[in-house]
Amino acid sequence: DRLPRAEADARVSELARSCEVEHLLARRIETLSGGERQRVGLARTLAPRPRLLLCDEPVSALDPAGRFTLLECLKTLQTAEGLPLIYVTHGIAEAVAMGDRLLLIRDGRIAAQGPPLEVLGQADLPAAAWEDSIVNSFRGEVLPSASEAKECRVRIGGSDGPIVFVPRADHQVETHCTLTIRADEILLARLDAGVVSQQLSARNVVAGRIESIILHDDEAEISVVAGPTRWIASVMLSTVDRLHLAAGIDVVLVFKARSLVWHPSEP
């Protein structure tokens, strides 16, 4: 059934804002970039409020910036709409970023299923499959800083989340953002967080506890829970042995302020 005009207009405005395509509504399709076309297509798909969304490698033809924008848009809309999402991909980084539960398909059959990192760690995948670094992504809110400060404080993961520092730019107090950091940009230590922060040049030190360790080839992906946030750090397999890392052990995550990449986002 067709929606009343006022309700339809409100739905279009809502989705255009969520998909960041408000400024594109008056443009012709042939003038849009690949990423813009994908976001417009997503908004059109969601307009009639579907009960299930299937995305078949939606970012495969996009550049890195376009991929990030569309993935963040999908995650935001999936939460806002309460919409079950089936995401098909060949990329490990995408599978970890998007999935709560992963089904590994081989020869048309489900070979394994479960938490993404757990399934991938047991899948005996070739080393080349892990070449794209996993990226951590967090919603954040800018906190007040001294006007002369060269850095900006951002609380991630909600009111109980950790505070991190990014290089100061034109970020205003009470604005929202998304911060990303590659898993291989994060260092792990088993020292007291206060000791680490005083003796290293890296600005960010976040205390957490190891949730799981996934081994593959000569590397490992370490899942660490810090308050309401979950981080993935990529380390060499020898590091796991040298630091005696295991699930349940307290660690600190160490990373430079400039390793965090800032992306504007809606509240």
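Quick caveat, the model's predicted, so the values are computed rather than measured. (Residues numbered from 1 in each chain as written. Predicted model: local features only at pLDDT ≥ 70, side-chain atom pairs only at ≥ 80, totals over all residues. Heavy atoms only, no water.)

Draft legend 1. The overall build of the protein, seen in detail. When helices and strands are counted, the protein shows seven helices and 14 strands. For the protein, the C-alpha atoms occupy an extent of roughly 60 × 60 × 30 Å along the three principal directions. Counting the 267 residues in the protein, one finds 38% classified as buried. Counting only contacts in the protein whose residues sit at least 6 apart along the sequence, the fraction spanning at least 24 positions is 60%. (Helix = DSSP H or I, 4+ residues; strand = E, 2+ residues; numbered from the N terminus. Buried < 20%, exposed > 50% of the residue type's maximum accessible area, 1.4 Å probe, protein only. Contact = heavy atoms within 4.5 Å.)

Draft legend 2. Seen up close, the nonpolar core. The biggest cluster of nonpolar side chains holds 29 residues, and the ones touching the most others in it are Val154, Leu188, Trp231 and Phe255. Counting only elements with at least two residues in this core, the list comes to β5 (135-143), β6 (151-156), β7 (163-167), β8 (176-182), β10 (204-216), β11 (219-226), β12 (229-236) and β13 (250-255). At four residues, β11 tops the list of elements feeding residues into this core. Ignoring sequence-local partners within four residues, the contact set of tryptophan 231 consists of Asn136, Phe138, Ile156, Ile181, Ile186, Val206, Ile222, Ser223, Val224, Ala226, Leu253 and Phe255. Among the nonpolar cores identified, the runner-up in size contains 21 residues, and Leu53, Leu70, Leu77 and Tyr87 belong to it. (Core = buried A, V, L, I, M, F, W, Y, C linked by side-chain atoms within 4.5 Å.)

Draft legend 3. A look at the packing of aromatic side chains. For the structure shown, the criterion picks out two aromatic pairs. On the numbers, 5.4 Å between centres and 35° between planes, the contact of tryptophan 231 with phenylalanine 255 is tilted. Of this pair, tryptophan 231 sits in strand β12 while phenylalanine 255 sits in strand β13, placing them 24 residues apart in sequence. Judged by its relative accessible area of 0%, tryptophan 231 falls in the buried class. Over the aromatic face of phenylalanine 165 sits the side chain of arginine 203, whose NZ or CZ is 3.8 Å from the ring centroid. (Phe/Tyr/Trp six-rings, centres within 6.5 Å; stacked < 30°, edge-to-face > 60°. Lys NZ or Arg CZ within 6 Å of the ring centre and 35° of its normal.)

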